[in-house]
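# Report on the structure
The residues making up each chain are set out below.
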Amino acid sequence: MSKNFKPIGKWVAVKTELRKERVSEAGIVYKEAIQSNLYTWSDVVSVSDDISEDVRPGDRVYWKLGTNNGAHYEEDGEVYDLVKIDDIEAVDRDETE
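### Side note on the pairing of strand S1 (residues 11-15)
The side chains of a regular strand alternate, residue by residue, between the two faces of the sheet. One ladder, built from 4 bridges, connects S1 with strand S7 (residues 78-84); its direction is antiparallel. The residue bridging alanine 13 from the neighbouring strand is leucine 82, located in S7. Across 4 bridges, S1 lies against strand S4 (residues 39-47) in antiparallel orientation. Bridging across to S4, valine 14 finds its partner in valine 44.

### Remarks on the sheet that holds strand S6 (residues 72-75)
Backbone hydrogen bonds are what pair the strands of a sheet, in a parallel or an antiparallel way. Taken together, 6 strands build an open sheet; the order of strands is S6-S7-S1-S4-S5-S8 and the sheet is antiparallel. For this open sheet the edge positions go to S6 and strand S8 (88-92), each flanked by a neighbour on one side alone. Averaged over neighbouring strand pairs, the angle between their axes works out to 40° when direction is ignored.

### Things to note about unusual backbone geometry
The backbone of asparagine 69 shows a phi angle near 50°, a positive value even though the residue is not glycine. One can find asparagine 69 in the loop between strand S5 (60-64) and S6. Positioned with a positive phi, aspartate 76 is a non-glycine residue whose angle comes to about 50°. Along the polypeptide, aspartate 76 turns up in the loop between S6 and S7.

### A closer look at the side chain of serine 42
Checked against the element boundaries, serine 42 lands in strand S4. Residue classification places serine 42 among the buried residues on the basis of a relative accessible area of 1%. At a separation of 2.8 Å, a polar atom in the side chain of serine 42 contacts the side chain of tryptophan 63.

### Let's talk about the pairing of S4
In this sheet, S5 lies alongside S4 in antiparallel orientation, the contact comprising 5 bridges. Across the sheet, the residue bridging to tryptophan 41 is tyrosine 62, located in S5.

### Quick look at the side chain of serine 46
Turning to its location among the elements, serine 46 is positioned in strand S4. You can call serine 46 buried: its relative accessible area is 6%.

### Description of the environment of glutamate 75
Its location among the elements puts glutamate 75 in strand S6. Among the polar contacts made by the side chain of glutamate 75, one reaches the side chain of tyrosine 73 at a distance of 2.5 Å.

### Digging into the pattern of salt bridges
Any two side chains of opposite charge can pair if their charged atoms end up close together. The tally for this structure, following the rule as stated, stands at 5 salt bridges. For lysine 6, the salt bridge is made with aspartate 49, and the minimal N-O distance between the two is 3.0 Å. Of the two residues, lysine 6 is situated in the segment before S1 and aspartate 49 in the loop between S4 and S5; the sequence distance between them amounts to 43 residues. Its relative accessible area of 63% is what places aspartate 49 among the exposed residues. When the shortest N-O distance is used, the salt bridge between arginine 60 and aspartate 43 registers 2.9 Å. With a gap of 17 residues between them, arginine 60 in strand S5 and aspartate 43 in strand S4 connect regions that are remote in the sequence. Overlapping salt bridges bring together Asp54, Asp59 and Arg93 as one network.

Cut-offs used in this document
Residues numbered from 1 in each chain as written. Predicted model: local features only at pLDDT ≥ 70, side-chain atom pairs only at ≥ 80, totals over all residues. Heavy atoms only, no water. Pairing = 2+ DSSP bridges. Helix = DSSP H or I, 4+ residues; strand = E, 2+ residues; numbered from the N terminus. Axes fitted to C-alpha atoms, helices over the stretch in contact; angles between N-to-C directions. Buried < 20%, exposed > 50% of the residue type's maximum accessible area, 1.4 Å probe, protein only. Polar contact = N/O pair within 3.5 Å; in protein donor to acceptor, adjacent residues only side chain to side chain. Salt bridge = Lys/Arg side-chain N within 4 Å of Asp/Glu carboxyl O.

Purely spatial values, then, with no claim about function.
As structure tokens, then:
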């Protein structure tokens, strides 16, 4: 992601892996699709300066897919979701850093 990209207002940019690659016991590779009404964990890549909540790049956040109404940013084939801070349910962070 561009170092110059930063959401404004109450938005957080996250990287979400919507399809996970799995390998069956028989060695068959397939992709598992995640349905849009589920909650998911995403990696925070950028946070607006207007956000006073304790969310920062590198955190993992838990949010419901679809609450961002399709807001996203695409660069170099990578898609980043834009999520409102009020739609984030939980934050997970590695406190050893």
